[in-house]
Amino acid sequence: MDTETLLQKSYTQIRAAASVPPGTQARTLPLSSAIHTARTSLNPLPTTPLGPLPTLNHLTNTIAPALPGHNRSGRYFGFVTGSTLPIAEAADNLATAFDTSVQVHLPEQSIATEVEDVALRLLLRLLHLSPESGLEKAGEDAGIEWEGRTFTTGATASNILGLACGREEVVRMRLPDGSEGTVGEVGILGACAEAGVREIRVLTSMGHSSLSKAASVVGLGRRAVKELPYSEAEPWRLDLEAVERELKRAEEGVACIVAISAGEVNTGRFATSSLGEMRRLRELADQYKAWIHVDGAFGIFARALPDTEEFAKLRESTAGLELADSITVDGHKLLNVPYDTGIFFTRRSSTLHAVFQNPNAVYLTPSGSGPTIPSPLNIGIENSRRFRALPVYAVLLSEGQPGIAEMLARMVRLARGVAHALVSPDEKLNLRDDYELLPNSSAAESTHVIVLFRARDEGLNNVLVKKIQDSGEWYVSGTKWKGESACRIAVSSWRVNVEEDLEFVKSRLASIAKEWKESGR
Ligand SMILES: *Cc1c(COP(=O)(O)O)cnc(C)c1O
């Protein structure tokens with residue numbers, strides 16, 4: 001079979017394996033028999049090669065049925081996985097078909113770095129981070145640039161960039177004038193010794209677990225991450241007074257990175273709640289030479305919701321994030337582009353260069369006309385890189401600001417619908433008798449895309465997540481809240497149908513509780 005025929009056949013066969021006929025719901029989990037079949041079919045490297053066509057059949061007939069429904073079901077509410085918009089899938093196929101490596105800016109040889117840069121600028125607009133977004137019209141925050149910007153493999157990688165940039169700058173700011181002994185040049189031990197820094201701390205509130213991983217990777221250590229919860233009732237909020245106390249330890253040789261959880265992955269809540277709080281943090285950071293990093297993996301998309309009263313509270317909670325020094329954004333979650341796509345912004349390109357400069361081989365030096373765009377290999381972790389900007393560019397072009405705002409609004413409406421159903425009296429269902437909305441009963445008002453709850457009956461609560469997952473009809477994550485099992489719904493797919501999915505979730509929760517009681521347990 002010739003190459004073109006094989007590839008045409010592969011697209012057709014893959015779509016057939018992945019398709020979801022209209023009016024039907026894909027399973028959220030594969031049948032365990034399908035996983036078993038796939039497992040027993042996994043071949044060692046064959047002595048007689050299988051050949052492309054039998055391999056394609058093996059992939060679509062045996063492997064595909066053993067994969068979960070992240071992208072195929074709007075009722076996969078686990079983790080915060082997102083799905084893939086069809087236009088993003090198409091763009092991703094194109095990226096693979098051309099297998100371009102976006103590594104060096106070569107404007108006369110490829111448009112790829114320019115597409116990447118345009119995609120990043122459009123994202124800045126979408127998230128109201130760029131000066132052109134209207135912020136300057138209000139006479140505020142003008143001149144904030146995000147000239148340090150790049151695509152990463154996800155929020156974990158972006159958090160590594162954030163802590164690496166923070167580490168670089170908090171030490172550099174303390175070096176004697178004229179010293180070139182930065183962390184990037186001489187390493188953390190030498191640079192800290194010269195700068196008189198004996199400890200670098202990461203101050204946060206319910207920081208995502210990947211923040212600790214990032215702290216380890218960049219040489220600060222997982223124990224550098226210090227939780228400063230506002231209160232026991234609102235542990236996701238950052239205690240600004242405690243932050244100030246920590247920052248004051250600058251005199252003792254302690255340098256700090258403030259990591260803002262926007263939002264927190266269990267509750268979807270935000271570490272700061274207003275522009276005023278962010279301004280205060282900015283003042284403190286400037287005064288004590290600290291770095292502010294925002295982990296906005298999914299939460300920052302609250303800034304792209306429609307500009308209406310319905311979402312005013314979420315906008316308030318995410319106001320002022322543009323005052324940070326660096327920001328993590330995920331693409332493969334709420335933006336609904338494929339894995340693995342993350343984004344990182346920082347104010348100055350020089351910070352990224354200081355950390356990620358790949359001492360250039362002459363053949364990698366960009367040349368020629370066209371816009372000056374830094375070569376990606378000098379501002380991020382990888383050298384060879386996937387063209388993961390293309391699906392992002394395609395989504396922004398295809399959906400535009402209004403289309404993305406509407407997609408995000410659907411996610412919030414479903415999550416809020418579920419949250420309200422868990423606390424509201426209802427003649428038929430009365431879910432509130434059997435379930436408890438967390439972290440408190442007033443959480444419905446501030447719900448973004450995550451709903452945290454538990455069954456009131458302890459026995460049911462212990463098996464609730466498994467019961468839902470085993471159904472194959474929908475999927476939720478299990479988590480702990482204040483030491484007890486809890487259930488988490490994260491709405492993150494473009495496939496969400498607010499009315500139908502809300503009715504579905506309500507009726508399933510009701511029937512699970514009813515069956516539990518009837519079974520006499
Ligand atoms: C998901 C998530 C991460 C990790 O992101 P990956 O894309 O899985 O690497 C980090 N921070 C927050 C807040 C998240 O929700």
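What counts and what doesn't
Residues numbered from 1 in each chain as written. Predicted model: local features only at pLDDT ≥ 70, side-chain atom pairs only at ≥ 80, totals over all residues. Heavy atoms only, no water. Helix = DSSP H or I, 4+ residues; strand = E, 2+ residues; numbered from the N terminus. Rg over C-alpha atoms; globule rule 2.2 N^0.38 Å. Buried < 20%, exposed > 50% of the residue type's maximum accessible area, 1.4 Å probe, protein only. Contact = heavy atoms within 4.5 Å. Lys, Arg positive; Asp, Glu negative; His and termini not counted. Charge placed at Lys NZ, Arg CZ, Asp CG, Glu CD. Expected span 1.5 Å × (residues − 1). Polar contact = N/O pair within 3.5 Å; in protein donor to acceptor, adjacent residues only side chain to side chain. Core = buried A, V, L, I, M, F, W, Y, C linked by side-chain atoms within 4.5 Å. Domains from an automatic or database assignment. Axes fitted to C-alpha atoms, helices over the stretch in contact; angles between N-to-C directions. Parallel < 35°, antiparallel > 145°, perpendicular 65-115°, else oblique. Left-handed = near helix turned anticlockwise from the far one by under 90°. Nonpolar A, V, L, I, M, F, W, Y, C, P; charged D, E, K, R; others polar.

*Asks:* Provide a residue-level description of the overall build of the chain, including the pertinent values.
*Replies:* When its secondary structure is counted, the chain shows 17 helices and 12 strands. At 24 Å, the chain has a C-alpha radius of gyration in line with the 24 Å of a compact globule built from 521 residues. Overall size of the chain, expressed as C-alpha extent along the three principal axes, is 75 × 65 × 45 Å. Burial statistics for the chain: of 521 residues in total, 52% are counted as buried. A separation threshold of at least 6 residues defines the contact pool for the chain, and within that pool the share at least 24 residues apart is 74%. On the chain, the mean spot of the 55 positive side-chain charges and the mean spot of the 64 negative ones are 5 Å from each other.

*Asks:* Break down the environment of Ser130 for me, citing the residues and quoting the values.
*Replies:* Within the secondary structure, Ser130 sits in the loop between helix H5 (112-126) and strand E2 (148-152). Taking relative accessible area as the criterion, Ser130 reaches 5% and is therefore assigned buried. Residues Ser130 and Trp146, spaced 16 residues apart in sequence, show a C-alpha to C-alpha distance of 7.3 Å.

*Asks:* Tell me about H5, and name the residues and values.
*Replies:* For H5, which comprises 15 residues, the first-to-last C-alpha distance of 21 Å matches the rise-based estimate of 21 Å (1.5 Å per residue) to within 8%. Once H5 finishes, His128 follows within two positions and takes phi at roughly 55°, a positive value.

*Asks:* A description of the side chain of His105 should follow, citing residues and the corresponding values.
*Replies:* Residue position: His105 is located in the loop between helix H4 (86-98) and H5. Since its relative accessible area comes to 3%, His105 is described here as buried. Only 2.6 Å separates the side chain of His105 from the side chain of Thr113, close enough to count as a polar contact.

*Asks:* Describe the nonpolar core, listing the residues and the values that go with them.
*Replies:* Of all hydrophobic cores here, the largest spans 107 residues; its most connected members are Ile260, Phe345, Tyr435, Trp474 and Ile489. Inspection of this core shows a minimum of three residues originating in each of domain 2 (132-360) and domain 3 (394-518). Contacts of Tyr435, omitting those with residues within four sequence positions, involve Leu422, Phe453, Arg454, Ala455, Arg456, Leu460, Leu464, Leu509, Ile512 and Ala513.

*Asks:* A description of the packing of helix H14 (residues 389-423) against helix H17 (residues 498-518) should follow, citing residues and the corresponding values.
*Replies:* One way to put it is that H14 packs onto H17 with a least axis distance of 10 Å and a crossing angle of 30°. Between H14 and H17, the angle falls in the class roughly parallel. Read as a crossing pair, H14 and H17 show a hand that is right-handed. Here Arg410, Arg413, Leu414, Gly417, Val418, Ala421 and Leu422 of H14 lie close against H17, whose contacting residues are Val498, Asp501, Leu502, Val505, Lys506 and Leu509. Its residues placed into classes, the contact of H14 with H17 shows 8 nonpolar, 1 polar and 4 charged.

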